[in-house]
Amino acid sequence: MRKLLVGFCILMLAALACNFNVKLTPSPQPQSAIATIVAETMRAVATASSTPVAVLNTPTLIPPSPSPSPTPMAVIKAVAFCRSGPGENYKSFANLNSNQNVVLLGKDPTGQYWLIQIPSGTCWVAAQFVTVTGDTKNVPEMTPPPVTTSGIPAGPGSLFYQYSCGNSGSLTTQLTWVDSSNNESGFHVYRNSSLIATLPANSTSYTDTTTLTSGSTITYGVTAYNDFGESA
């Protein structure tokens, strides 16, 4: 009986040993399940890719154009000559009237003359005869044309004066001079650098009457002129 129990125990141990050596192999997943998972995944990707995405169109901002600067203008302060170049040695071909409005087109390198637009064309006028309005920083600097001086008449010589005083401070001055040229168109008479008279060719005298305050000074000048310019 003891031998039978021992034998049975040996058989049980052998059976347990066989169970410990058994390797469990997981059962493979069915192909239909894998196909279903792949199909669901592809369907989700397709759905995500087909979902419309809102695109916001940002308007392009165009900066406003700067306002153009007003064209610089000038007002003639006194009767003046309009010349072919910036200087008294250039030909004078037009007279400018007091309070006449002109357009500024350019300036000479010295800043003493302006190139202006008048109905008959363009010409140069001395800066002392104009009052400028508007911004002139963009007015271009112009190169003066060549000077032609061969035709300018000689200046009058031996300028002499006599004067007499009247009532209420009036002053009468008699000017005389020598006509030194033979090609002048006439003469200009100036009082304190302002033109007061234009005389015909071959003139040799002029009488001026003005009011003089006590202690003041008057300066007279006479020049000969023609189409080529004005004498000294």
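Figured I'd write up the structure that's included with this text. As the structure is a prediction and not an experimental result, all values here were calculated from the model.

Focus: unusual backbone geometry
With a phi close to 50°, Asn192 is a non-glycine residue in the positive phi region. Given the relative accessible area of 39%, Asn192 is considered partly exposed.

A look at the sheet that holds strand β10 (residues 186–191)
Strands sit in the order β11-β10-β13-β14 across an open sheet of four strands; the sheet is antiparallel. In this open sheet, the two strands that pair with only one neighbour each are β11 (194–200) and β14 (229–230). Pairing between β10 and strand β13 (residues 220–226): six bridges, direction antiparallel. Bridge pairing in β13 links Gly186 to Tyr225.

Quick notes on the state of the cysteines
Using the criterion set out here, one finds one disulfide in the structure. Between the sulfur atoms of Cys82 and its disulfide partner Cys123 the distance amounts to 1.2 Å. In this structure, the disulfide formed by Cys82 and Cys123 twists by about 55° around the S-S bond and is classed as right-handed. Linking Cys82 in strand β2 (residues 80–83) with Cys123 in strand β6 (residues 121–126), this pair joins segments that are 41 residues apart in sequence. Here Cys82 matches Cys123 in class, with each residue buried.

Side note on the nonpolar core
In terms of nonpolar packing, the biggest core is built from 20 residues, with Cys82, Leu96, Trp114, Ile116, Ile118 and Val125 touching the most fellow members. Those elements that place two or more of their residues in this core are β1 (73–76), β2, β3 (92–96), β4 (101–107), β5 (113–118) and β6. Among the elements that make up this core, the one with the highest residue count is β5 (five residues). Residues contacting Val125, with those up to four places away along its chain left out, are Ala80, Phe81, Leu96, Gln112, Tyr113, Trp114, Ile116 and Val130. By size, the runner-up hydrophobic cluster in this structure holds nine residues, among which are Leu175, Trp177, Leu199 and Ala224.

So, the pairing of β5
Summarising burial for β5: five of the six residues are buried, a large majority. With four bridges joining them, β4 and β5 adopt antiparallel strand pairing. Bridging from a neighbouring strand, Gly106 pairs with Leu115 of β5. Counting the residues between successive antiparallel strands, the hairpin from β4 to β5 contains five residues, one of them, Gly111, with a positive phi of roughly 75°. Sheet topology note: the β5/β6 ladder contains six bridges and is antiparallel. Residue pairing in the sheet places Trp114 in a bridge with Val125 of β6.

What counts, and at which threshold
- Residues numbered from 1 in each chain as written.
- Predicted model: local features only at pLDDT ≥ 70, side-chain atom pairs only at ≥ 80, totals over all residues.
- Heavy atoms only, no water.
- Buried < 20%, exposed > 50% of the residue type's maximum accessible area, 1.4 Å probe, protein only.
- Pairing = 2+ DSSP bridges.
- Helix = DSSP H or I, 4+ residues; strand = E, 2+ residues; numbered from the N terminus.
- Disulfide = S-S within 2.5 Å.
- Core = buried A, V, L, I, M, F, W, Y, C linked by side-chain atoms within 4.5 Å.
- Contact = heavy atoms within 4.5 Å.

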